[in-house]
There are 2 protein chains.
Amino acid sequence: MSNLSPEFALLGLLAEGPSHGYDLHQRLVTDLGHVWHLSQSQAYAILKRLEARGDIKSHTVEQDKLPARQKLQLTSQGRRRFQEWLDGGAASNARSIRLEFLTRLYFAQKNEPEKMADIYIAQFDQVQASIQRLTDLLAHLPPEQEYNRLSLDLRLRQIHLICKWLDEIKTKFQIEVPA
Amino acid sequence: MSNLSPEFALLGLLAEGPSHGYDLHQRLVTDLGHVWHLSQSQAYAILKRLEARGDIKSHTVEQDKLPARQKLQLTSQGRRRFQEWLDGGAASNARSIRLEFLTRLYFAQKNEPEKMADIYIAQFDQVQASIQRLTDLLAHLPPEQEYNRLSLDLRLRQIHLICKWLDEIKTKFQIEVPA
DNA sequence: CTCAATATACTCACCCGATGAGTATATCAG
DNA sequence: CTGATATACTCATCGGGTGAGTATATTGAG
């Protein structure tokens, strides 16, 4: 998968009730516009793909005066895929943590706040694993590889930074983590 | 452009002398494999595009035993484009700084070390501008936009981190910056 | 000696991400 | 009444990225 588009964010918005492309795009921009940057046309493209995959189904609704809409609904498969994404994974690099973790938290807070702790913990564990992986890589990197070293070094520090940021999020949302 | 592929890295390697796809890919992986992650097929795809654009020209060279090669050379346009990239721009977000700035520095150190300071300064200035931009955005963000705020906040901190990292690079390479 | 792994060199089919422009109608403010 | 903004969606085009396939040559382990 290694999915870095707001595909699941759209699925999640649609999980709150049937809607249509224009509206989903608007809502995503309003609520998560500084998380995901999504053009209108790209939103439609993703929705089309989701429909082709069977996560969404659509039918045309005529309107009195405005152009017809494609009313979209989640299929049960789509709902399952969204739940699996929400419960299942955790992102592993800086960018995808910012995007995916925040999106997971957003939907959890809205719909099932009791899940926030699980999401937090899964992400925290993943971050620890990344620190381990990058530290090992750095330790075994031949010393003459200066530029590779600088790159890995920055990545490692970025992950450490995310650790601190996660900790503040834990406090902010009063997430209880078992010792 | 907002180009986030190792296009210019390939151009830069070719600037050191005519070569062919397989070799360029190998060298990129060896020297900058933890900066750019580039599959072989993607390397060929980029080279093809560069040829279509007229930055590269190729001709077939038969070999005794091994498969024929497409020998690649920079055109004068390609050389110019590479120089413009090297001298011209500076990346503005965390990821592209890691990728592009390090790549610029790599080629400068190899071929024209006196340029390192200019590249450093251009990047530093760009980072200051990003800090300004993100700080302003955050200041004007409505307080109810929690998730947008968290995202911008992380981005801002990442840029601050890069500031420190840049400073260490300055020391490491003994770059002299006028006050 | 032989066979399998590795190296050389490149191609192809496919999908996803992203932009920018275009289309058409409706409403609202000045 | 006119021009900006909102509603609603389409299309062409490009670039990024994967995974598998093709074909031959060399090397090394048993």
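None of the values given here were measured: they were computed from a predicted structure.

S.K.: Pulling in residues and values, what's your account of the relation of the copies chain B and chain A?
M.R.: Expressed as a screw transformation, the operator carrying chain B onto chain A has a rotation angle of 180° and an axial translation of 0.0 Å, and the superposed copies differ by an RMSD of 0.0 Å. Given the turn and translation reported, the copies of this chain are related as if by a two-fold rotation axis. Ranked by how close their C-alpha atoms come to the rotation axis, the residues of chain B are headed by Gln158(B), at 3.3 Å. Of all interface residues in chain B, 100% are interface residues in chain A too; the two copies therefore contact each other through one and the same surface.

S.K.: Summarise the pattern of salt bridges; cite the residues concerned and give the values.
M.R.: A full pass over the atoms with the stated rule returns 28 salt bridges over all chains. Arg157(B) serves as the salt-bridge partner of Glu168(A), at 2.7 Å between the closest nitrogen and oxygen. In this pair, Glu168(A) is assigned in helix H7 (residues 146-172) and Arg157(B) in helix H7 (residues 146-172), connecting two distinct chains. For Arg27(B), the salt bridge identified is with Asp23(B), shortest N-O distance 3.2 Å. With Arg27(B) and Asp23(B) both in helix H2 (residues 21-32) and four residues apart, this pair spans about one turn of that helix. Here Asp23(B) falls in the partly exposed class, since its relative accessible area comes to 23%. Residues participating in the shared-partner salt-bridge network are Glu7(A), Arg49(A), Arg53(A), Asp55(A) and Arg81(A).

S.K.: Give a detailed account of the interface of chain B and chain A, specifying residues and quantitative values.
M.R.: Interfaces are often sized by the accessible area lost when the parts come together. With 35 residues of chain B at the contact, the number on the chain A side is 35 residues. The largest per-residue losses of area from chain B upon contact with chain A belong to His34(B), Tyr147(B) and Leu154(B), which jointly make up 24% of the total buried on that side. Summed over the shared surface of chain B and chain A, the number is four salt bridges. Residue Glu146(B) is joined to Lys172(A) by a salt bridge in which the shortest nitrogen-to-oxygen separation is 3.9 Å. The interface formed by chain B and chain A holds 20 residue pairs in polar contact (both at pLDDT 80 or more) in total. Elements supplying a minimum of two residues to the side of chain B that touches chain A: H2, helix H5 (94-111), helix H6 (116-139) and H7 of chain B. Here the element with the most residues in the side of chain B that touches chain A is H7(B); it accounts for 17 residues.

S.K.: Run through the protein's contact with DNA strand D, naming residues and quoting values.
M.R.: Near DNA strand D, the surroundings consist of 22 residues, among which Gln40(A), Gln70(A), Ser41(B), Gln42(B) and Arg49(B) are the closest. Of all atoms in DNA strand D that approach within 4 Å of the protein, 62% are sugar or phosphate atoms. At a separation of 3.2 Å, a phosphate oxygen of DNA strand D approaches a polar side-chain atom of Tyr44(A). Gln70(A) places a main-chain nitrogen or oxygen 2.3 Å from a phosphate oxygen of DNA strand D. Looking at the surface near DNA strand D, the elements with two or more residues in it are helix H2 (21-32), helix H3 (40-53) and strand E2 (69-74) of chain A together with helix H3 (40-53) of chain B.

S.K.: Describe the side chain of Ser130(B), listing the residues and the values that go with them.
M.R.: Residue and element names in this part refer to chain B. Tracing the chain through its elements places Ser 130 in helix H6. Under the relative-accessibility criterion, Ser 130 is labelled buried at 3%. At 3.2 Å, the side chain of Ser 130 and the backbone oxygen of Ser 92 are in polar contact. The residues contacting Ser 130, other than those within four sequence positions of it, are Ser 92 and Ile 159.

Parameters and conventions
- Residues numbered from 1 in each chain as written.
- Chains lettered and ligands numbered in written order.
- Predicted model: local features only at pLDDT ≥ 70, side-chain atom pairs only at ≥ 80, totals over all residues.
- Heavy atoms only, no water.
- Least-squares fit on C-alpha atoms with pLDDT ≥ 70 in both.
- Contact = heavy atoms within 4.5 Å.
- Salt bridge = Lys/Arg side-chain N within 4 Å of Asp/Glu carboxyl O.
- Helix = DSSP H or I, 4+ residues; strand = E, 2+ residues; numbered from the N terminus.
- Buried < 20%, exposed > 50% of the residue type's maximum accessible area, 1.4 Å probe, protein only.
- Buried area = accessible area lost by both parts, 1.4 Å probe.
- Polar contact = N/O pair within 3.5 Å; in protein donor to acceptor, adjacent residues only side chain to side chain.
- Near = heavy atom within 4 Å.

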